[in-house]
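Coordinate analysis (summary)
Residues per chain, in single letters:
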Amino acid sequence: MEKTIIDRPATRNSCVLCAPLGASIVFQGIEGCLPLLHGSQGCATYIRRYLISHFREPVDIASSNFSEESAIFGGKENLKKALSNLITQYQPRLIGVASTCLSETIGDDVRAILKEYRKENQGSPLPEMVNVSTPSYHGSHWDGFWKTVLAVVTQLSSQEEPVRQRLNVFPGLVSTADLRHLREIFTDFGISFSILPDYADSLDSDAWDNYHSLHEGGTPLSEIRAMGRAEFSLDLGQALTAEDSASGYLAKNSGVTRLSCGWPVGINESDAFFRLLSRISSQPVPEKYRQERSRLLDAYYDGHKYMFGKRAVVYGSPEMVAAIVSMLKEIGVIPVFCSTADTDFAGIEERVIELRPDFLIGSSKGYQISRKTGIPLLRAGFPIHDRFGGQRELLLGYRGTQRFFDHLVNVVIAGVQDSSPGGYAYV
Ligand code: SF4
């Protein structure tokens, strides 16, 4: 597979979303946190719409609500007023302030404004405040996500906490089912852990009897403060450098050992992940995961006749694409074109028409290509807003791979069935 950079004068139908969107997901995954976008109302509305369509939960995102005047003279007073309103109306434990294109362009110094606000309100009980710079012309939602994880750890972790035998986990933009599965795995190994962010409950909650002004669940602030005193940090996905990652910051400033592995998808990556946990915990891999691995292998044998030699186009986050490609190679599928945002959907469409793969794997945003070319799309990643339950699609571990593999085989079988003149009742 050769690397292709598509040369065009403008992006059409971008594969990436805006940076404060990634920041908002991270803030939603922290206990008692309210995201506040410093910019115009439209940014918050767009991001809320996107998150609600994927997660199907109410999502509150505040805005400092720029007017023409603030766009010219700066948004300092708007931001201070927004902070006061949020504190009065929501009583959050943390306000996560992400900048937007507009506030970055005019050069508002959000960190200095927060400092000034704290000084002006000395003596009043104030929540924690974290700020992150997320201009969308300088990064995607994945960049915004990782920058926010780094900002939260940099601004909240403390050296004054006691040392703990603990594992910090930075999983990236995985599904809520993946977060729950990770919790289950670490618990089964007897590992004390903190996952940041953890939006499994806040963005995929149970039914409410009463309206909650703030989401429930999320990484406890006490655990974030203690991250600098943990023994290990684990990055899932290997796209980040030490400088860009919270684990790198903790290693450099607090001596926390930095570990990383790919998303555990497929046999090889899952084996590496479980081996790592076995080493950290000095425990053998629990029997139930050995059985899941064995069932997955058996499914690979059974599904081989459908999958071998098939050709795939995969697009999405760098972590997800790398993991899925590793798994596809295990089952004899050839990834003919992969995109992690170095092209747009217009570019992907050109390659799909040229290469005629057997299926596409990626977010809902590839649906129009699928519809136009008749090539099936297996939805994975973010956003999935044209199917129900996209926020809780399990992908990680032997169990998640099993689910994904079953869906993939069925996509191929359905294609054979649908294109056969006589149809098949038995494939
Ligand atoms: S103006 Fe920038 S920050 Fe706001 S929605 Fe558009 S891309 Fe996102």
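Below, the structure is looked at part by part.

**Here's the deal with the site of the ligand**
Taken together, C18, P20, C43, Y46, T100, C101 and S136 are the residues near the ligand. Here the shell around the ligand is built from residues that sort into 5 nonpolar, 2 polar and no charged.

**Points about the pattern of salt bridges**
Per the counting criterion, the structure on display carries 20 salt bridges. Close ionic contact of D271 with R293 constitutes a salt bridge, the shortest N to O distance being 2.7 Å. Pair noted here: D271 is in helix α11 (residues 266-281) and R293 is in helix α12 (residues 287-307), with a separation of 22 residues, a long-range link. When its relative accessible area of 14% is taken as the criterion, D271 is described as buried. In this structure, the salt-bridge partner of K372 is E349, at a minimum N-O distance of 2.5 Å.

**Examining the nonpolar core**
Counting residues in each nonpolar core, the largest one holds 100 residues, and the members touching the most others are I30, F186, F273, M307, L328 and I361. Not counting the four nearest positions on each side in its chain, F273 is found in contact with L182, I185, F186, L234, L236, C261 and P264.

**Digging into the sheet that holds strand β6 (residues 193-195)**
A sheet is described by the order of its strands in space; here 4 strands give the open sequence β6-β5-β7-β8, paired in parallel fashion. Either end of the sheet is taken by a strand with one partner, and the two such strands are β6 and β8 (257-261). Strand-to-strand twist in this sheet, taken as the mean axis angle between neighbours without regard to direction, amounts to 20 degrees. Pairing analysis gives 5 bridges linking strand β7 (residues 232-236) to β8, with the strands arranged parallel. When the bridges of β8 are listed, D235 appears paired with S260. Each of β5 (167-170), β7 and β8 is contacted by helix α10 (residues 246-254), which is oriented at about 150 degrees to β5, the strand it contacts most.

**Topic: unusual backbone geometry**
Of note, the amide linkage connecting L196 to P197 takes the cis form, showing an omega dihedral of -5 degrees. Relative to the helices and strands, P197 resides in the loop between β6 and α9 (221-225). With a phi angle near 45 degrees, Q91 is a residue other than glycine that sits in the positive phi range. By the secondary structure assignment, Q91 is in the loop between α4 (76-90) and β3 (94-99). A relative accessible area of 55% means that Q91 is categorised as exposed. Here the phi dihedral of S282 falls at roughly 55 degrees; this positive angle occurs in a residue that is not glycine. Mapped onto the secondary structure, S282 falls in the loop between α11 and α12. Judged by its relative accessible area of 63%, S282 is exposed.

Analysis parameters
Residues numbered from 1 in each chain as written. Predicted model: local features only at pLDDT ≥ 70, side-chain atom pairs only at ≥ 80, totals over all residues. Heavy atoms only, no water. Near = heavy atom within 4 Å. Nonpolar A, V, L, I, M, F, W, Y, C, P; charged D, E, K, R; others polar. Salt bridge = Lys/Arg side-chain N within 4 Å of Asp/Glu carboxyl O. Helix = DSSP H or I, 4+ residues; strand = E, 2+ residues; numbered from the N terminus. Buried < 20%, exposed > 50% of the residue type's maximum accessible area, 1.4 Å probe, protein only. Core = buried A, V, L, I, M, F, W, Y, C linked by side-chain atoms within 4.5 Å. Contact = heavy atoms within 4.5 Å. Pairing = 2+ DSSP bridges. Axes fitted to C-alpha atoms, helices over the stretch in contact; angles between N-to-C directions.

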